[in-house]
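Remarks on the overall topology
Residues per chain are reported as follows:
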Amino acid sequence: MTSAPTHLLADGNSLPAVGLGTYPLKGPDAVAAVSAGLRAGYRLVDSAVNYGNEDAVGEAIRTAGIPRDEIVVTTKLPGRDHGYESTLASFQSSLDRLGLERIDLYLIHWPNPGDDRYVDSWRAMVHLHEQGLARSIGVSNFTEEYLTRLQSETGVLPTVNQVELHPYFPQLALREFHELHNIRTESWSPLGKGSDVLTSPVIVRAARTHGVTEAQVVLRWHVQLGSVPLPKSADPARQAQNLDIFGFELTSEEIEEITLLGRPDGRLFGGDPVTHNEQ
Ligand code: A2P
């Protein structure tokens, strides 16, 4: 079993340096995939209300035979539940579906700026954190502008911002902002799912140089950028491979070359937080 090193978050909690993505797994497939992931050594599992798999993720965690404190389970508040009271209620339903007494990392899934209720949700999350029900609180898909607004209106910054991040969309400016404010970046779609990123010549070359797979090169690139990748795979061999990225190091030239694959708008799913409206 491989285990990942951890980062220390701004609130003093620790976060594994790589986690298991679960979208779009559901039902028994999700239970099997998360159970296999936990056996392989994953200790960070990423779920969301809108993935429809909190029940399955919870079941895998509850039956894994691993001390609960060793696992960081993440879930995310959906857009339709933004607002102070509705966030508290939504959190309780997530706990019920997961069958757990605490969520380790609770994120606002999308800012939905058109609804303009993410600050109210954030206040509710600060309350949940103070109550010890949400061990760490953060956001997903937030821009610098929305993060700054949380800070100025509530005085509390998220510990984590989970954003689309892969070689075609390296998020240079946002990562710099995170570093300045001690916000840990997490990468969704770290392998650039569905694109040809894994066949890019610079990535293929680095894989040959280090005797690893292209996916391992890309995941290692995330780690060396300081971001926590959340690769999804239901396949035990790939799960193990995706965790086994701490035994080699990319050179600064390789990191630079991979980052240069970035495109002006390299988003793969059109999920621009300024316009995206999540239900
Ligand atoms: P599968 O689930 O069949 O293993 P992302 O995490 O960027 O969304 O990418 C997920 C996609 O990448 C899935 O289609 C997954 O396929 C595939 N994938 C996950 N791990 C690897 C790997 N080590 N090598 C190649 N493809 C992978």
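Below, the structure is looked at part by part. (Residues numbered from 1 in each chain as written. Predicted model: local features only at pLDDT ≥ 70, side-chain atom pairs only at ≥ 80, totals over all residues. Heavy atoms only, no water.)

1. Let's talk about the sheet that holds strand E6 (residues 103-108)
To be explicit about the condition: Only strands joined by at least two bridges in the DSSP assignment are considered to pair. Secondary structure elements are taken from DSSP: a helix is a run of H or I of four residues or more, a strand is a run of E of two residues or more, and numbering for both begins at the N terminus.
Strand order across the open sheet formed by eight strands is E3-E4-E5-E6-E7-E8-E9-E10, with parallel pairing between neighbours. The open sheet has two free edges, formed respectively by strand E3 (20-21) and strand E10 (228-229), since each of these has just one partner strand. Bridge count for strand E9 (residues 184-188) against E10 is two bridges, and the pairing is parallel. Bridge pairing in E10 places Ser-187 opposite Pro-229.

2. Things to note about the layout of surface pockets
Empty space among the atoms can be located by rolling a probe the size of a water molecule over them. To be explicit about the condition: The way it works is a 1 Å grid over only the protein atoms, where trapped points that fit a 1.4 Å probe form a cavity and open points with protein on both sides within 12 Å along at least five of seven lines form a pocket, and then any residue with an atom within 4 Å of a point lines it. Grid points are joined across faces, edges and corners, and a volume is the space filled by probe spheres set on the points. Gly is placed with the polar residues, together with every amino acid not listed as nonpolar (Ala, Val, Leu, Ile, Met, Phe, Trp, Tyr, Cys and Pro) or charged (Asp, Glu, Lys and Arg).
Estimates place the volume of the largest pocket at around 830 Å³. What lines the largest pocket is a set of 36 residues, among which Tyr-23, Ser-189, Lys-193, Lys-232 and Phe-269 lie closest to the centre. Among the elements that take part in the lining of the largest pocket, helix H9 (residues 236-243) stands out by supplying three residues, more than any other. Residues of the lining of the largest pocket, tallied by class, amount to 13 nonpolar, 17 polar and six charged.

3. Overview of the pairing of strand E8 (residues 160-164)
Put simply, the test is: The buried label goes to any residue with under 20% of its type's maximum accessible area, the exposed label to any with over 50%, and the partly exposed label to all in between, with areas taken from a 1.4 Å probe on protein chains only. When the strands point away from the viewer, a crossover counts as right-handed if the path from the first strand over the helix to the second runs clockwise.
The buried fraction of E8 is high, at five of five residues. As paired strands, E8 and E9 are joined by five bridges and run parallel to one another. Among the inter-strand pairings, Asn-161 is bridged to a residue of E9, identified as Thr-185. In this fold, the crossover linking E8 to E9 by way of helix H6 (residues 172-180) has right-handed handedness.

4. Concerning unusual backbone geometry
For the bond running from Tyr-23 to Pro-24, omega is 5°, close enough to zero to count as cis. Note on placement: Pro-24 falls in the loop between E3 and helix H1 (27-40). If you check the backbone angles, Asn-112 has positive phi at about 45° while not being a glycine. Examined against the element boundaries, Asn-112 turns out to sit in the loop between E6 and helix H4 (118-130). Owing to a relative accessible area of 1%, Asn-112 belongs among the buried residues under this scheme. Positive phi, normally seen in glycine, also occurs at Asn-141, with a value near 65°.

5. Things to note about the environment of Ser-93
With respect to the helices and strands, the residue Ser-93 is situated in helix H3 (residues 84-98). For the pair Ser-93 and His-178, spaced 85 residues apart in the sequence, the C-alpha separation amounts to 30 Å.

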